[in-house]
Amino acid sequence: MKIYVAHVFVDDQAKAERFYTGVLGFVKKNDIPLGGGARWLTVVSPENPEGAELLLEPSGHPAVPPYKEALVKDGIPATSFEVEDVHEEAARLRAQGVVFTQEPAAMGPVTTAVFDDTCGNLIQIVHHNRR
């Protein structure tokens, strides 16, 4: 068994597409109209285009807004992405206007940082510290 699709709920799919591809650097894999303006919109890592897909899922279900708001209020990331170097990636993202809610911090075997994805979520980036 392997992960095929993971998701984040987004407030606006067009805005999310611009952020996740233009700022974060993911590549659009699927963009299938579902009716009512919703799309099956997935992105992948350019380093692994056949790997797990991230579904940028509309936040339309009534349970989603309170769930997202509670996560953000408590500082809990919706998901986590691995990077080579959190400090370098944070600097690259910050230069593009990304707002961080947690600066890079060593946490035992990993270093993490958390930013706002502009679509209602906090996202964590992480790298494994070398021993």
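What counts, and at which threshold
- Residues numbered from 1 in each chain as written.
- Predicted model: local features only at pLDDT ≥ 70, side-chain atom pairs only at ≥ 80, totals over all residues.
- Heavy atoms only, no water.
- Buried < 20%, exposed > 50% of the residue type's maximum accessible area, 1.4 Å probe, protein only.
- Helix = DSSP H or I, 4+ residues; strand = E, 2+ residues; numbered from the N terminus.
- Polar contact = N/O pair within 3.5 Å; in protein donor to acceptor, adjacent residues only side chain to side chain.
- Pairing = 2+ DSSP bridges.
- Axes fitted to C-alpha atoms, helices over the stretch in contact; angles between N-to-C directions.
- Contact = heavy atoms within 4.5 Å.
- Phe/Tyr/Trp six-rings, centres within 6.5 Å; stacked < 30°, edge-to-face > 60°.
- Lys NZ or Arg CZ within 6 Å of the ring centre and 35° of its normal.

### Some points on helix H1 (residues 13-23)
Point 1. Listed as buried for H1 are Gln 13, Ala 16, Glu 17, Phe 19, Tyr 20 and Val 23.
Point 2. N-capping of H1 is provided by Asp 12, with a side-chain oxygen placed 2.9 Å from the backbone N of Ala 14.
Point 3. Looking one or two residues past H1, Gly 25 carries a phi angle of roughly 95 degrees, positive in sign.

### Some words on the sheet that holds strand S3 (residues 38-44)
Point 1. Spatial ordering of the open sheet is given by S1-S4-S3-S2, a layout of four strands whose pairing is mixed. Edge positions in the sheet fall to strand S1 (5-10) and strand S2 (27-35), since each has one partner strand and no second. Between one strand and the next, the sheet's axes are offset by a mean angle of 25 degrees, whatever the strand orientation.
Point 2. Each of S1, S2, S3 and strand S4 (53-58) touches H1; the most contacted strand, S3, lies at about 5 degrees to it.

### Overview of the packing of aromatic side chains
Point 1. Tallied over the full model, the rule gives four aromatic pairs.
Point 2. Centre to centre, the rings of Phe 19 and Phe 115 are 6.2 Å apart; their planes meet at 45 degrees, and the pair counts as tilted. Placement of the pair is Phe 19 in helix H1 and Phe 115 in strand S7 (residues 110-116), with a sequence separation of 96 residues.
Point 3. Ring plane angle 65 degrees and centroid distance 5.1 Å describe the contact between Phe 26 and Phe 81, whose orientation is recorded as edge-to-face. Here Phe 26 is found in the loop between H1 and S2, whereas its partner Phe 81 is found in strand S5 (residues 79-82), with 55 residues between them in sequence. Side by side, Phe 26 and Phe 81 carry an identical accessibility label, which is buried.
Point 4. For Arg 94, the ring lying beneath its charged end belongs to Phe 100, and the centroid distance is 4.9 Å.

Limitation: the analysis is restricted to geometry and does not speak to function.
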